[in-house]
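Coordinate analysis (summary)
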Amino acid sequence: MIAPPDVQPSLAPRGGVVRPARRPPGWVVPGPQPATPDRPDVWPGPGEDLCYLSGDFRILQRLDGHRWSADDLVTAWFAAERVAHAPPLRTVDLGCGIGTVLLFTAWRFPDARCAGVEAQEVSASMARRSVAWNGVDARGEVRWGDLRDPAVLDGLAPADLVTGTPPYLPVGTGIESGRVQCGPCRFEHRGGVEDYCLAAARLLAPGAPFVACAAARQRPRVEAAAAAAGLALEAWRDVVPKDGKVALFSVYALRRAEAVTSCHDEPPLVLRGRNGRFTEEFDALRRTMGMPV
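Just so it is clear, the model here is predicted, and its values are computed rather than measured.

Rules behind the numbers
Residues numbered from 1 in each chain as written. Predicted model: local features only at pLDDT ≥ 70, side-chain atom pairs only at ≥ 80, totals over all residues. Heavy atoms only, no water. UniProt positions renumbered as here; feature names shortened; annotations may be inferred. Helix = DSSP H or I, 4+ residues; strand = E, 2+ residues; numbered from the N terminus. Salt bridge = Lys/Arg side-chain N within 4 Å of Asp/Glu carboxyl O. Buried < 20%, exposed > 50% of the residue type's maximum accessible area, 1.4 Å probe, protein only. Contact = heavy atoms within 4.5 Å. Pairing = 2+ DSSP bridges. Core = buried A, V, L, I, M, F, W, Y, C linked by side-chain atoms within 4.5 Å. Axes fitted to C-alpha atoms, helices over the stretch in contact; angles between N-to-C directions.

Next up on the list: the UniProt feature "domain: Methyltransferase small" (unreviewed entry) in the protein chain. As annotated in UniProt, the feature "domain: Methyltransferase small" (unreviewed entry) corresponds to residues 90–151 in the numbering used here. What you have in residues 90–151 is 35% helix and 26% strand, and the ends, taken at the C-alpha atoms, are 18 Å apart.

Structure, rendered in structure tokens:
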């Protein structure tokens, strides 16, 4: 029941938009294939679209709401690289939103059981539908609840990989969007990186990493949050949107403090060159995550 890749967007049975595939000639789709169930509710409804993510995996998004972005992609990639030598069997994405990092991880590690925790009901519902659309609901789940509540995390430990893309801004430090989902995705209505670290510490298996992103220049805050949760910073990397610009955000890898012997600063990841085109390094990252280049 997978819709064929048309040249133009098409309408789903429920009235939403099905985006076409944009792929270079001869590109071979990598990774596991989705197994879309014969259920109309997993297709986009009015005000929603269905977009490609990794390989043939797709994700549901609201046209007027929060949409996946580079911080999700780079966080998922940075996390996957840390465990590629020993693929995880259980992963948890904290504050999973519409399920982007969860789905990237499920695509990259087809034998893993992948769970997400999300406090916004509208986002949790969309993430569940995307998990079902891709046919990974037998090994994936999305819990609607606040990650600060230990009861919401019950049964998810021990996790071989924990990820998170916390909101960057304390409430009151900027103007919040009135669009559905968007305010809590950027502003810390239910805590910030400190709360994500505490939740991750409850879930991590011995030696397992917690990978998260934060706004650029927030390393001191991340290190303090990690220390308060019994974690320590192992590696971090700035992400620069275009050559010559300042860093947009950073990704961090943390583990339990006793498992970390040193911390290293990796070279900045530059997404676009001065010509506006993706860099070779970002193309390689996208290729690793099942995206056409």
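To continue, consider the pattern of salt bridges. All chains considered together, the criterion is met by 17 salt bridges. Between D56 and R23 there is a salt bridge, with its nearest N and O atoms 2.8 Å apart. Remark: R23 occurs in the loop between β2 (17–18) and β3 (48–52) and D56 occurs in the loop between β3 and β4 (58–62); sequence separation between them is 33 residues. Looking at R23, the relative accessible area reads 28%, which means it is partly exposed. With its nearest N and O atoms 2.7 Å apart, the salt bridge here joins R67 to D49.

Inspection of the secondary structure assignment puts T91 in strand β5 (residues 90–94). Those residues in contact with T91 that lie beyond four places of it in its chain are T105, A112, R113, C114, A115 and L161.

The subject of this paragraph is the pairing of strand β10 (residues 231–242). In the sheet, β10 pairs with strand β11 (residues 249–256) via eight bridges, with the strands oriented antiparallel. Its bridge partner lying in β11, D238 is registered against S250. Taken together, β10 and the strand that follows it, β11, pair antiparallel across an intervening segment of six residues, in which G244 is found at a positive phi of about 100 degrees. Where β10 meets strand β12 (residues 264–272), six bridges bridge the pair, whose relative direction is parallel. Paired with R237 across the bridge in β12 is E266.

Grouped together as the largest cluster of nonpolar side chains are 44 residues, with contacts concentrated most on V74 and L285. Of all the secondary-structure elements, those providing two or more residues to this core are α1 (70–83), α2 (100–108), α3 (121–133), β9 (210–215), β10, β11, β12 and α7 (280–288). With eight residues, the top contributor of residues to this core is α1. Not counting residues within four places of it along the chain, the set of residues in contact with V74 comprises V239, F249, V251, L269, F282 and L285. By size, the runner-up hydrophobic cluster in this structure holds 32 residues, among which are L153, V162, A201 and L233.

Glancing now at the sheet that holds β11. Taken together, eight strands build an open sheet; the order of strands is β7-β6-β5-β8-β9-β11-β10-β12 and the sheet is mixed. Among the strands making up the open sheet, the edge pair consists of β7 (140–144) and β12. The mean inter-strand angle of the sheet, taken between neighbouring strand axes irrespective of direction, is 20 degrees. Both β5 and strand β6 (residues 113–118) contribute to a ladder of five bridges, which runs parallel. By the bridge assignment, T91 is partnered in β6 with C114. Packing of α1 onto the sheet brings it into contact with β8 (161–164), β9, β10, β11 and β12, and relative to β11 it is tilted by some 35 degrees. Of the strands in this sheet, β10 and β12 are in contact with α7, which crosses β12 at around 95 degrees.

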